[in-house]
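Reading the structure
Chain residues, written in single-letter form:
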Amino acid sequence: LGTEVLPGNYGHSIRPYGRSVRLGRPRGINAAQHFKTMILKQLKVGFMEVFCYLLGCEATGEAVVIDPAGDEKRIVEKVRNSGLDIVGIVNTHGHPDHTCGNAKVAALTEAKIYMHSLDDRFFGSPEGRSLGRQMGFAPSPPADVTVEHGDTIPFGKKALEVIHTPGHTPGG
């Protein structure tokens, strides 16, 4: 995968499809060191060519995958070939084209699935699961961890801060 250093200082955001995921840093770690050792990679996956993101902590080798929307074996192989272990699967929102790879990636890695509680509730309902199937997507299992605004998602010595941006979906 290679290492791509995220430029800037504390408080920069990644905004896939208008969703905002702020990169927070654990207490006691200075901002320059925090971002200097983060791996960031973008992959186009699935038949809808959704962007999937990999964020990794170089210090510990732990990583999260954001929106695994197909090509799950390729995602996991690339991560493993980089010497990283996936510990979390993060969804920017609950639409099936962004969550259809959750089950396979979780099965291959034993990673926890993180999703906003409103999207987990709706897309886990019979109506929500039916919506995905009608579009040709495998439904996501329920989230292992539901998140709310201000929560953090840890991976190694890094963390993501959840910023709730409803609109595209209730939990988006």
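For the structure, check the block above.
Below you will find a few notes about this structure.

Rules used in this analysis
Residues numbered from 1 in each chain as written. Predicted model: local features only at pLDDT ≥ 70, side-chain atom pairs only at ≥ 80, totals over all residues. Heavy atoms only, no water. Buried < 20%, exposed > 50% of the residue type's maximum accessible area, 1.4 Å probe, protein only. Helix = DSSP H or I, 4+ residues; strand = E, 2+ residues; numbered from the N terminus. Pairing = 2+ DSSP bridges. Salt bridge = Lys/Arg side-chain N within 4 Å of Asp/Glu carboxyl O. Core = buried A, V, L, I, M, F, W, Y, C linked by side-chain atoms within 4.5 Å. Contact = heavy atoms within 4.5 Å. Patch = residues over 30% accessible without salt bridge, like charges linked within 9 Å, V, L, I, M, F, W, Y side chains within 5 Å. Areas by Shrake-Rupley, 256 points an atom, 1.4 Å probe, with all protein chains shown as cover. Phe/Tyr/Trp six-rings, centres within 6.5 Å; stacked < 30°, edge-to-face > 60°.

Regarding the pairing of strand β10 (residues 158-162)
- Counting buried residues in β10 gives 5 out of 5 residues, a clear majority hidden from the surface.
- Side chains Lys158, Leu160 and Val162 of β10 all project onto a buried face; the interleaved residues Ala159 and Glu161 project onto the opposite face, where all are buried too.
- Both strand β9 (residues 152-155) and β10 contribute to a ladder of 4 bridges, which runs antiparallel. Residue Thr152 lies in a different strand from β10, and its bridge partner there is Glu161.
- Where β9 hands over to β10, the hairpin turn is made up of 2 residues, of which Gly156 adopts a positive phi near 60°.

Points about the pattern of salt bridges
- Going through the model one piece at a time under the given rule, you end up with 1 salt bridge.
- Between Arg74 and Asp71 there is a salt bridge, with the nearest N and O atoms lying 3.5 Å from each other.

Examining the pairing of strand β3 (residues 38-45)
- Alignment of β3 against strand β4 (residues 50-57), held across 8 bridges, turns out to be antiparallel. Bridging from a neighbouring strand, Val45 pairs with Val50 of β4.
- Count of turn residues in the β3/β4 antiparallel hairpin: 4 residues, of which Gly46 carries a positive phi of about 75°.

A word on the environment of Lys158
- Position of Lys158 relative to the elements: it lies in strand β10.
- Taking C-alpha positions, Lys158 is 7.9 Å from Met38, a pair spaced 120 residues apart along the chain.

Topic: unusual backbone geometry
- Even without being a glycine, Asp67 presents a positive backbone phi close to 55°.
- Here Asp67 lies in the loop between β5 (62-66) and α2 (72-81).
- Residue class for Asp67 comes out buried when judged on its relative accessible area of 0%.
- A positive phi angle is found at Asp71, which is not glycine, with a value near 55°.
- With respect to the helices and strands, Asp71 occurs in the loop between β5 and α2.

Some remarks on the nonpolar core
- Core analysis: the largest hydrophobic core is formed by 23 residues, its most contacted members being Ile75 and Ile86.
- Only β3, β4, β5, α2, β6 (85-90), α4 (102-109) and β7 (112-116) provide two or more residues apiece to this core.
- With residues up to four places along the chain from it excluded, the contact list for Ile75 reads Leu43, Val45, Cys52, Val65, Pro68 and Gly70.
- Listed in part, the 14 residues of the second largest apolar core include Leu40, Leu55, Val64 and Val90.

Quick notes on a nonpolar patch on the surface
- Side chains of Phe122, Leu131 and Met135 sit close together on the surface and give an oily, nonpolar patch of about 250 Å² of accessible area.
- Mapped onto the fold, Leu131 is located in helix α6 (residues 126-134).

Focus: the packing of aromatic side chains
- Throughout the structure, instances matching the rule amount to 2 aromatic pairs.
- Ring geometry for Phe47 versus Phe137: centroids 5.3 Å apart, planes at 15°, classification stacked. One end of the pair, Phe47, is in the loop between β3 and β4; the other, Phe137, is in the loop between α6 and β8 (145-147), with 90 residues separating them in the sequence.
- A relative accessible area of 63% places Phe47 in the exposed class.
- Both rings, one in Phe122 and one in Phe123, keep their centres 4.8 Å apart while their planes meet at 85°; by these two values the pair is edge-to-face.

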